[in-house]
Amino acid sequence: MHAIIVDDEKHCRDVLMLLLSRHCPDITIDAVCVDGPTALEAIERQPPELLFLDVEMPGMNGFELLEACPATPFSVIFTTAYDQYAIRAIRHSALDYLLKPIDKDELLRAVEKAAARQLLLTGTKLQHLLQFLHEHLQANERLALPTLEGLRMVLPKDVMYCTAEGAYTRLLLQDGQNPPLICRTLKEVEAVLKDKGFFRVHHSYLINLSFMDKYIKGDGGEIIMSDGASIPVSRQRKQEFMARIEKL
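Just so it is clear, the model here is predicted, and its values are computed rather than measured.

### Quick notes on the pattern of salt bridges
Pairs may arise between side chains of opposite charge once their charged atoms sit close together.
Then, in step 1: Enumeration over the complete set of coordinates arrives at eight salt bridges.
Then, in step 2: Of the charged contacts in the structure, one is a salt bridge between K100 and D54, with a shortest N-O distance of 3.4 Å. Highlighted residues: K100 in the loop between β5 (96-98) and α5 (104-117) and D54 in the loop between β3 (50-53) and α3 (62-68), separated in sequence by 46 residues.
Then, in step 3: Note on K100: relative accessible area 23%, which makes it partly exposed.
Then, in step 4: Among the residues examined, D54 registers a relative accessible area of 3% and is labelled buried.
Then, in step 5: Salt-bridge contacts for R235 lead to D219; the nearest nitrogen and oxygen are separated by 3.5 Å. Within this pair, whereas R235 is found in helix α8 (residues 235-245), its partner D219 is found in the loop between β13 (212-216) and β14 (222-225), the two being separated by 16 residues in sequence.
Then, in step 6: Residue classification places D219 among the exposed positions, given a relative accessible area of 58%.
Then, in step 7: Several salt bridges converge on common partners, so that one network encompasses D7, E9, D54 and K100.

### Structural notes on the sheet that holds strand β10 (residues 181-182)
Then, in step 1: Taken together, the five strands give an open sheet; going across it, the order is β10-β9-β8-β12-β11, and neighbouring strands pair in antiparallel fashion. Lying at the two open borders of the sheet, with one neighbouring strand each, are β10 and β11 (198-202).
Then, in step 2: Pairing between strand β8 (residues 159-165) and strand β12 (residues 205-208): three bridges, direction antiparallel. Within the sheet, the bridge partner assigned to Y161 lies in β12 and is I207.

### Remarks on the side chain of D7
Then, in step 1: Inspection of the secondary structure assignment puts D7 in the loop between β1 (2-6) and α1 (10-23).
Then, in step 2: Reaching out from D7, the side chain makes a polar contact with the backbone nitrogen of E9 at a distance of 2.8 Å.
Then, in step 3: A distance of 3.0 Å separates the side chain of D7 from the side chain of K100, its partner in a polar contact.
Then, in step 4: The residues touching D7, leaving out its near neighbours within four places in the chain, are C12, R13, C33, V34, D54, M57, T79 and K100.

### Quick word on the pairing of β12
Then, in step 1: Direction of pairing for β11 relative to β12: antiparallel, over a ladder of four bridges. Considered in β12, the bridge of R200 is made with L206.

### Considerations on the environment of Q46
Then, in step 1: Considering the arrangement of structural elements, one finds Q46 in the loop between α2 (36-45) and β3.
Then, in step 2: With relative accessibility at 39%, the residue Q46 sits in the partly exposed group.
Then, in step 3: Separated by 15 residues in sequence, Q46 and A31 have C-alpha atoms that sit 9.1 Å apart.
Then, in step 4: Contact partners of Q46, with chain neighbours within four places excluded, come to H2, I4 and D30.
Then, in step 5: For Q46, the side chain forms a polar contact with the side chain of D30, separated by 3.4 Å.

### A look at helix α7 (residues 186-193)
Then, in step 1: Of all the positions in α7, only L186, V189, E190, V192 and L193 are classed as buried. Buried residues of α7, viewed axially, fall in a sector of 160 degrees; they line one side.

### As for the packing of aromatic side chains
Then, in step 1: Summed over all chains, the structure comprises three aromatic pairs.
Then, in step 2: Where F63 meets F78, the ring centres are 5.4 Å apart and the plane angle is 55 degrees; that geometry is what we call tilted. Highlighted residues: F63 in helix α3 and F78 in strand β4 (residues 75-79), separated in sequence by 15 residues. Residues F63 and F78 agree in their burial class; the two are buried.

Reading the values: the criteria
- Residues numbered from 1 in each chain as written.
- Predicted model: local features only at pLDDT ≥ 70, side-chain atom pairs only at ≥ 80, totals over all residues.
- Heavy atoms only, no water.
- Salt bridge = Lys/Arg side-chain N within 4 Å of Asp/Glu carboxyl O.
- Helix = DSSP H or I, 4+ residues; strand = E, 2+ residues; numbered from the N terminus.
- Buried < 20%, exposed > 50% of the residue type's maximum accessible area, 1.4 Å probe, protein only.
- Pairing = 2+ DSSP bridges.
- Polar contact = N/O pair within 3.5 Å; in protein donor to acceptor, adjacent residues only side chain to side chain.
- Contact = heavy atoms within 4.5 Å.
- Arc of directions from axis to C-beta.
- Phe/Tyr/Trp six-rings, centres within 6.5 Å; stacked < 30°, edge-to-face > 60°.

Structure representation (structure tokens):
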């Protein structure tokens, strides 16, 4: 089984490689990466069957790395002492975790389970985990969003609204920078942001309600955003939208 190790701590990488070489002869380490961007390149170059992934890494943590490649059907074994809600998410999604310092017997059990289910694993389990984590994402935690140029790290609270552009989504940010084009549909972006104060007011628009300046009544209506943008509200979504803003 081909594997990639992602961990920014040299000692942890060395220990894991030593244990695997001694006790898991069927594991071939294709790459050892010290950060998320390097790991993404390695995954794209040669997709693994198994990923040993640290959670707390600078720049891009383990969950942000998974978000950048949610449909890749590899098994994931987290090597971490991460907080309790993440561990519950990992268990709920049937993905394994090893608490540091790594125990040999626990490593062997995790590898055996990963090998046994590798043929059945699809991107669904990763998506299930990511959905759970996004439901717990705080306003000061970043999203790793894939663009045509690479990854764009974005705080949900900095996104004013999103517009659909075919199979892509344009994000309008409050800092006024060039709006990034995200390699995800608006429906996929909505799934991530809908519980973070965002609402899909139209098939082409997803807005951050905190940046809504005013609502103008009409057939469906019209929203004026804080940057002056005019965004339509579809007739089909008007009732749900009005019920939502009444709770603000």
